[in-house]
Structures are given as structure tokens and as C-alpha cells.
Amino acid sequence: MEQAAGCPALGGSYPQKNAEILSSQYGINLFLAGLLLTFAWAVHAVGISKSHLLSYLITLMLIQLLWMLWYLCRSCTQRRLIRDKDTHAGARWLKCGITLFAVITLILDSFKIGYYIDFLNCLSPTEGIFPVTHAVHTILQVYFLWCHAKDVIQSFKTLERFGVIHSVFTNLLLWTNGVLTESKHQLNEHKERLITLGFGNITIVLDDQSPQCNCTTTTLCSIFSQGIYYLYPFNIEYHILASTMLYVLWKNIGRKVEHHQQNKTPFKFHGITVGMIFGLMVLTSTIAIVVVYLIQIGGSKIKSELALTMFYLHAIFVLALMCTAGIVALLIYRLEERSLDNSKNPARKLDAELLVGTAAGSWLLSWGSILAIICAQGHPKYTWYNLPYSMLVIIEKYIQNLFIIESIHREQEKVNDDIKTLRIVTISRGSTLSLTPLYKEIYNGRAARDSGDVPCLFKGSICGRENDGAGVAKEETSQDNSLVMHSASDLSFYSRNSVTNNKRRILKNIAAFLFLCNLSLWIPPAFGCRPEYDNGLEEIVFGFEPWIIVVNLAMPFSIFYRMHSAASLFEVNCKT
């Protein structure tokens, strides 16, 4: 009987598991086909042009648009139904972040449309259709994520799996396209800088992608062409954030949600002044370093070497501070006794996997730089600063990953630290008869742990006298003992709270400091300050083309790691 009863449940799970496997394979093949097409365009394969790649991406976006419209219409018709929600997915701050990146992406699309209009005579029509389609896709996708990122889909599950996974890999391909376009632009600038650093033995061949016709408005063309590349970092972050949010939605399809609600944890500036001040100092100095670096690098050999030295010294100082802050936070965790939350949570699991996976990009670059310094025959002075810098990059990510992953897995305190002692004075015949226990004892049903009687509580704090004579005398004589006992318990309660609050304040300041530091370290590589390109030593040891391939593959993951770490640290600050 038990086996027969269990068969339908097992039978029902198999189609859903197959749908999950089939949809994931569909997405992977979709991505691999686009990746191969992107690679063919990058290496100028015969018969493959940019219009072929853009046509493929336009088709994918149109299919996603149709699916999102269908989902939104169906949700609108069923809006009165109560749906399961994943409270851990689609946090408000994450939605605000993706909205900011989406707005800048729309500005990028408008620049591309203007650029196409100026070079209308010699550009393919797909280069005009693509930014228009992308703009519509961006607006609808942000609206979709705002409204439905927390959904746990329980109907049309097979169809929805294919629709969501299609959206995930469409965003990944748009991310890949943005990374490649931006990397080719950075590579051209890097090749020009190598000449000023004296690496004349490296073959310099520029990849010229400019249109083969004159611009109708020279000034506007210059603004559009230069502005596009400064906006690409935000477009890249937008698509990778969208793909992660959609992936969590895909993992939640058909999931049975535990119905204990997560407490809302709003961000507060109170108590994190120290961390914010030091973090803002790092952010300000980093912006100044990036500006000076971009001005000086490539100007002359001396200026380029000074720019690299300045970058390395600043980065070493910031990474050392981050390592110290992370170690202090981990030591505080070792002093606390708090259990970990091991419940099933796709969003949290994905956060941890992304932290470790994307950190591998910068670890690869760091180990390449360390190996180059060890094996190189000649060492310009500035290259020696690269050794401690690369080692600190590896160590800092080890420490920070451990801190973030432990933080997001720690259970939140169930008792509010702001609980105050509540006393109700009962009066009879004008004299105080007794003091009631602490509020938390009343709440837990232990109000009469000494006498076994339930105290009589009224709004006027007056209790009718039930005892007389010897009973009253007995209560009066026991009053002093009760007062001493409650005072001792209050003292220990508040001392524990004081220590806990101090630890929380330190952890919140550390999280705020690391949050701003990660934003600071995201800025240099995102906006063209990349010593891995400009150092020159790695190109000599590994060869120009192999090292450039390594950098172009690893750098996007390194850039994403900093933004994802900043987002995770923001969540840690809210939860602490």
C-alpha cells in the first residue's frame, strides 16, 4: 500500500526533472552557438560578419520578449490568486541596482542609434535595429524582474522552464557581446601604450573597426564613438545581474517553499560612520588614481612607469586594509556561538558559487603575473611592485569570500536587542507589594516561576488584593529578595546585550568599508585602468597573443567579482 501510494509522487517528479534537464541543455546549446558565432566574428572568420551576430542576438531577444509578454498577460489574468514567493530572491536593493544599470544601458543604446544615423550610408541595417530592439528588451525585462523575480512558478512548469532558461542565456550572450566589443577597444589602446613603454619587439597590429565612410556630423560622431565605450561597463553589469536573477527564478520553478517568512532587513546608516568614512576615502583616492593613470599612461616611458608604480602602491595599501578588516571580522565570528542556516536557498547558493567561481579569474591573472616576475630575465623597477600586489589579490579574495559566505549563512538573532526591561508596579493600600518579572519572562510564560501564580495585570497597574494578613506580610518580606534577583538578571542581560551590540557595530562597519572598497576596485578595470595589459612583462614571458587571450577571458570575471562582492556585502550589512 505504501509503495502504491508513493508511486504517483515519484511518477510526477520524473517529467519535471526531465524538463529541467532538457531546458538546461537547450540553453547551453543556444549559448554555445552564439559563443561560436561571436568568436568567428572576433577572429574575422571568412563569411561571418557582425551583422550575422547581431541578427542572432536580435532573434533571441524577440523570442524572450514574446515569452515575457505572455507571462505578464497570464499573471495579470490570475492576479487574484495567492502565489508562493521566495523571500530571499530579488531583494529591493538588487532591483534598484539593476534599474540603475538599465538606465545607463538605455543611454548607451541611444548613443548607438545616433552613431548609426551618422554612418547610415555604410553600416548594416542590423546595427540600427539592434539598439532599438535592445532598448525595448531592457525596459520590459526590468519591469518583469521588478514584478516577478520572487515568483515560485507552479503552473505551465515545462514551458516556463524553457522560457526562463532562454532568457538566462540570452542575457549571457548579450554580456559576452558587450565584453568582446569593449575588450577589442581596450586592446587597441593597449597596443598603442606598449610602444611608449619600449616594447618594440612586440608586433603591433591594430584591429580597425571604424566605418569605411565619412560621418555626417563629425562632432557628434566623436561624442557617440567615445561615449559608447565609457558606458559599456554598466551594460555588462546589467546583463550579468539580469542573468543571475533569472537563473534563481528558473531554479525556483516547481519548488516547495517553506512558509516561514524572512525578516525585512532595511539598510541603515546609523552606526557605520567609521566604515563609511574610511570607505569613502578609499573610493575618492581610487577615482583620483584612475584619472591620473589614464592621463599619464602612454604619454611617455617615464610617465607610464610612474603611473604603474602609483597604481600598484595604492592597490597594495587598499588590499592590505581589506585583508586586515576581513581577519578581524572572522575573529569576531569565532568568538560568537551562532548556528548556520543550512536550509535550501537557491539565491544564497548561487551567491556563494559566483563568489568562488568569478574569483578564479583574478587568481589566474595574479598567478600569471607572479610566474612572469619569477621567470623574466629583466625586471623594470615598477614590475617588482606587481609581486606583492598579485599575492595580496589572492589572499584578500580568500579572506573576503570566507567572510561573505559565512555571513550569508549565519542565522539572524531571534531576540531583538532593543528589548527593554518592563516592570509593572502593583499597589495595594498605598504601598508597593511586588515587582513583576521581566517582559521577556512574561512573554515566555514564566511570569510566576517563583510563586506558581499568574500575576494580575491591569492597565492602571493596580491589582486587586487577594491576600491579607500573613499573606501581605510574606510578600513584603520577600520583596527585597525579588528585587535583588531581578537586578542581577537585568545586569547580566544588559551586559550581554552591550557586548553583542559592540560586535554588531564592528561587523557593520567592516561590511560597509569592504562594500566601498569593492566598488573602488571595480572602477579601475571597468574604465580601462588595467596594469595586466600595460605592465608588459607578462607579454614577454608568455607571448603577446597568449597573454592577451588569458587577460580577455579572465578580466570580465574579475570585474564581475568586485560588483557581486559589493552587492553581497550590502546584504551582509543589512543582515548584521
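Residues numbered from 1 in each chain as written. Predicted model: local features only at pLDDT ≥ 70, side-chain atom pairs only at ≥ 80, totals over all residues. Heavy atoms only, no water.

The name given to the protein chain in an unreviewed UniProt entry is OTOP1 protein, and the organism recorded there is Rhipidura dahli. What the UniProt record of the protein chain gives under Sequence similarities (unreviewed entry) is the line "Belongs to the otopetrin family." (UniProt positions renumbered as here; feature names shortened; annotations may be inferred.)

Participant: I'm lost on the overall build of the protein chain in this one. Help?
Facilitator: Along the backbone of the protein chain there are 15 helices and two strands. Expressed as a percentage of its 576 residues, the buried residues of the protein chain come to 48%. By sequence separation, contacts in the protein chain at least 24 residues apart represent 86% of the contacts at least 6 residues apart. As displayed, the protein chain has an accessible area near 29300 Å², and 65% of this comes from carbon and sulfur atoms. (Helix = DSSP H or I, 4+ residues; strand = E, 2+ residues; numbered from the N terminus. Buried < 20%, exposed > 50% of the residue type's maximum accessible area, 1.4 Å probe, protein only. Contact = heavy atoms within 4.5 Å. Areas by Shrake-Rupley, 256 points an atom, 1.4 Å probe, with all protein chains shown as cover.)

Participant: I tried to follow the environment of Ile223 on my own but got confused; where do I start?
Facilitator: The topology assignment puts Ile223 in helix α6 (residues 218–251). Of the residues examined, Ile223 reaches a relative accessible area of 45% and is grouped as partly exposed. Along the chain, Ile223 and Phe111 lie 112 residues apart, while their C-alpha atoms are 8.6 Å from each other.

Participant: Just to check I follow, could you spell out the packing of helix α7 (residues 273–296) against helix α8 (residues 301–335) for this structure?
Facilitator: Two packed helices can be described by the angle between their axes and the distance between those axes. Where α7 contacts α8, the two axes come as close as 9 Å, and the packing angle between them is 165°. The angle between α7 and α8 places the two elements in the roughly antiparallel class. Crossing geometry of α7 relative to α8 is assigned as left-handed. Of the residues in α8, those touching α7 at Val282, Ser285, Thr286, Ile289, Val292, Tyr293 and Gln296 are Lys303, Ser304, Ala307, Leu308, Met310, Phe311, His314 and Val318. Split into classes, the residues belonging to the contact of α7 with α8 amount to nine nonpolar, five polar and one charged. (Axes fitted to C-alpha atoms, helices over the stretch in contact; angles between N-to-C directions. Parallel < 35°, antiparallel > 145°, perpendicular 65-115°, else oblique. Left-handed = near helix turned anticlockwise from the far one by under 90°. Nonpolar A, V, L, I, M, F, W, Y, C, P; charged D, E, K, R; others polar.)

Participant: Can you walk me through the packing of helix α4 (residues 126–148) against α6 in this structure?
Facilitator: Two elements in contact, α4 and α6, have axes separated by 11 Å at closest approach and are oriented at 40°. Between α4 and α6, the crossing angle belongs to the class labelled oblique. Classified by chirality, the crossing of α6 by α4 is left-handed. Here α4 contributes His134, Thr138, Gln141, Val142, Phe144, Leu145 and His148 to the contact with α6, which in turn contributes Asn235, Tyr238, His239, Ala242, Met245, Leu246 and Leu249. Its residues assigned to classes, the contact of α4 with α6 shows eight nonpolar, six polar and no charged.

Participant: Just to check I follow, could you spell out empty space enclosed by the protein for this structure?
Facilitator: Empty space among the atoms becomes visible once a probe the size of a water molecule is rolled across them. Across all of its chains, the model carries four cavities of 30 Å³ or more by this definition. Considering only enclosed or pocket space, the largest cavity measures out at about 350 Å³ in volume. Forming the walls of the largest cavity are 29 residues, and the residues nearest its centre are Phe311, Tyr389, Val393, Glu532 and Ser558. Taken together, the elements giving at least two residues each to the lining of the largest cavity come down to α7, α8, α9 (346–375), α10 (386–409), α12 (470–526), α13 (531–534) and α15 (544–575). Classifying every residue of the lining of the largest cavity gives 15 nonpolar, nine polar and five charged. Secondary-structure elements contributing two or more residues to the lining of the second largest cavity are α5 (157–196), α6, α12 and α15. Classifying every residue of the lining of the second largest cavity by side-chain character gives 10 nonpolar, one polar and three charged. Taken together, domain 1 (15–256) and domain 2 (270–411 + 498–575) each give at least three residues to the lining of the second largest cavity, which thus spans both. (1 Å grid on protein atoms, 1.4 Å probe; cavity = no way out; pocket = protein on both sides within 12 Å on 5 of 7 lines; lining within 4 Å. Points joined across faces, edges and corners; volume = space filled by probe spheres on them. Domains from an automatic or database assignment.)

Participant: For this particular structure, what's the right way to read the packing of aromatic side chains?
Facilitator: Any two aromatic rings considered together are summarised by their centre-to-centre distance and by the angle between their planes. Tallied over the full model, the rule gives 22 aromatic pairs. Here Phe234 and Phe527 contribute two aromatic rings whose centre-to-centre distance is 5.7 Å and whose plane-to-plane angle is 65°, an arrangement assigned as edge-to-face. Here Phe234, found in helix α6, pairs with Phe527, found in the loop between α12 and α13; they are 293 residues apart in sequence, far enough to count as distant. Between the aromatic rings of Trp522 and Phe527, the centroid separation amounts to 5.8 Å while the plane-to-plane angle is 85°, which identifies the pairing as edge-to-face. (Phe/Tyr/Trp six-rings, centres within 6.5 Å; stacked < 30°, edge-to-face > 60°.)

Participant: Please explain the nonpolar core as it appears in this structure.
Facilitator: Generally speaking, nonpolar side chains in soluble globular proteins are found buried as a group. Grouped together as the largest cluster of nonpolar side chains are 123 residues, with contacts concentrated most on Phe144, Met322, Tyr389, Phe403 and Leu514. Considering every element that reaches this core, the biggest residue donor is α6, with 16 residues. Domain assignment of the residues forming this core places at least three in each of domain 1 (15–256) and domain 2 (270–411 + 498–575). (Core = buried A, V, L, I, M, F, W, Y, C linked by side-chain atoms within 4.5 Å.)

Participant: Quick question: what am I supposed to make of the pattern of salt bridges here?
Facilitator: Any two side chains of opposite charge can pair if their charged atoms end up close together. Here the structure, examined in full by the defined rule, presents five salt bridges. The salt bridge involving Glu20 is made with Lys251; its shortest N-O contact spans 3.9 Å. With Glu20 in helix α1 (residues 2–42) and Lys251 in helix α6, the pair connects residues that are 231 residues apart, well separated along the chain. Under the relative-accessibility criterion, Lys251 is labelled partly exposed at 35%. Between Arg334 and Glu406 there is a salt bridge, with its nearest N and O atoms 2.6 Å apart. (Salt bridge = Lys/Arg side-chain N within 4 Å of Asp/Glu carboxyl O.)

Participant: Help me out: how do you make sense of the environment of Gly298 in this one?
Facilitator: Along the polypeptide, Gly298 turns up in the loop between α7 and α8. Gly298 sits 109 residues away from Glu189 along the chain, and the two C-alpha atoms are 8.9 Å apart.

Participant: Before we go on, may I ask you to explain α10 in this structure?
Facilitator: Quick reminder: α-helices carry 3.6 residues per turn. Residues three or four places apart thus point the same way. Between its first and last C-alpha, α10 extends 35 Å over 24 residues, near the 34 Å set by a 1.5 Å rise per residue. The buried count for α10 comes to 17 of 24 residues, which makes it a mostly enclosed element. (Expected span 1.5 Å × (residues − 1).)

Participant: What am I meant to see in the confidence of the model for the protein chain here?
Facilitator: A low pLDDT means the predicted coordinates there should not be read in detail. When pLDDT is averaged along the protein chain, the result is 77, and 72% of the positions lie at 70 or above. Across the protein chain, element-level confidence peaks in α4 with a mean pLDDT of 93 and bottoms out in strand β1 (residues 425–428) with 39. Note that residues 1–11 has pLDDT below 50 and, in this model, zero contacts with residues that lie over four places away or in other chains. Note that pLDDT drops below 50 for residues 415–473; the model gives that stretch 77 contacts with residues more than four away or on any other chain. (pLDDT = per-residue confidence, 0-100.)

Participant: What exactly am I supposed to notice about the side chain of Ser167 here?
Facilitator: Mapped onto the fold, Ser167 is located in helix α5. Within the structure, the side chain of Ser167 is placed 3.5 Å from the side chain of Gln64, a separation counted as a polar contact. Not counting chain neighbours up to four residues away, the residues in contact with Ser167 comprise Gln64, Trp67 and Leu246. (Polar contact = N/O pair within 3.5 Å; in protein donor to acceptor, adjacent residues only side chain to side chain.)

Participant: Looking at this structure, how should I read the environment of Leu330?
Facilitator: With respect to the helices and strands, Leu330 occurs in helix α8. Once residues lying within four places of it in the same chain are set aside, the contact partners of Leu330 are Ile399, Leu402, Phe403 and Glu406.

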